[in-house]
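Architecture at a glance
Each chain, written out:
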Amino acid sequence: MYKVAVIGDSASVSGFAALGLSVFRETEPEKVKKLISKLAASEFAVIYITEPAAALVSDTINKYRNSKLPSIVLIPSIEGNTGDGMRALHEAVEKAVGSDILN
């Protein structure tokens, strides 16, 4: 059975544990890179990562952009939304459908 992970600062991701998701309180770039690789090699189908943490490891996230699994989804942090997650969603929809139907 596939699992779901959440990566980011403690304040932003702690609440996801109550939903039964695997929570990883990590913001150091090298540790986040290793964690993503480890989770991708395991049974994690979805990895949610806060936008600030994702900005630190965009090269690692891009490695998985065209992979079936895991799906890496950017989410806002407790400090707010940078818009990176929505931009990534628009790009994915446009690539899949041929046009940005979300606008």
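Residues numbered from 1 in each chain as written. Predicted model: local features only at pLDDT ≥ 70, side-chain atom pairs only at ≥ 80, totals over all residues. Heavy atoms only, no water.

By convention here, two paired aromatic rings are described through the distance between centres and the angle between planes. Inspection of the entire model under this criterion finds one aromatic pair. Between Phe-24 and Phe-44 the ring centres are 6.3 Å apart and the planes differ by 70 degrees, which places this aromatic pair in the edge-to-face class. Of this pair, Phe-24 sits in strand 2 (residues 22-25) while Phe-44 sits in strand 3 (residues 44-50), and the two are 20 residues apart along the sequence. Take Phe-24: its relative accessible area is 24%, and that puts it in the partly exposed class. Residue Phe-44 is classed as buried on the basis of its relative accessible area, which comes to 7%. (Phe/Tyr/Trp six-rings, centres within 6.5 Å; stacked < 30°, edge-to-face > 60°. Helix = DSSP H or I, 4+ residues; strand = E, 2+ residues; numbered from the N terminus. Buried < 20%, exposed > 50% of the residue type's maximum accessible area, 1.4 Å probe, protein only.)

Here four strands make up an open sheet; going across it, the order is 2-1-3-4 and the pairing parallel. Two strands close off the open sheet at either side, each with one partner strand: strand 2 and strand 4 (71-75). Ignoring which end each strand starts from, the neighbouring axes of this sheet average 20 degrees apart. One ladder, built from five bridges, connects strand 1 (residues 3-8) with strand 3; its direction is parallel. Following the sheet pairing, Val-6 is matched in strand 3 by Tyr-48. The strands touched by helix 2 (residues 29-41) within the sheet are strand 1, strand 2, strand 3 and strand 4, with strand 3 carrying the most contacts at an inclination of about 160 degrees. (Pairing = 2+ DSSP bridges. Axes fitted to C-alpha atoms, helices over the stretch in contact; angles between N-to-C directions. Contact = heavy atoms within 4.5 Å.)

Shape is all these values report; function is a separate question.
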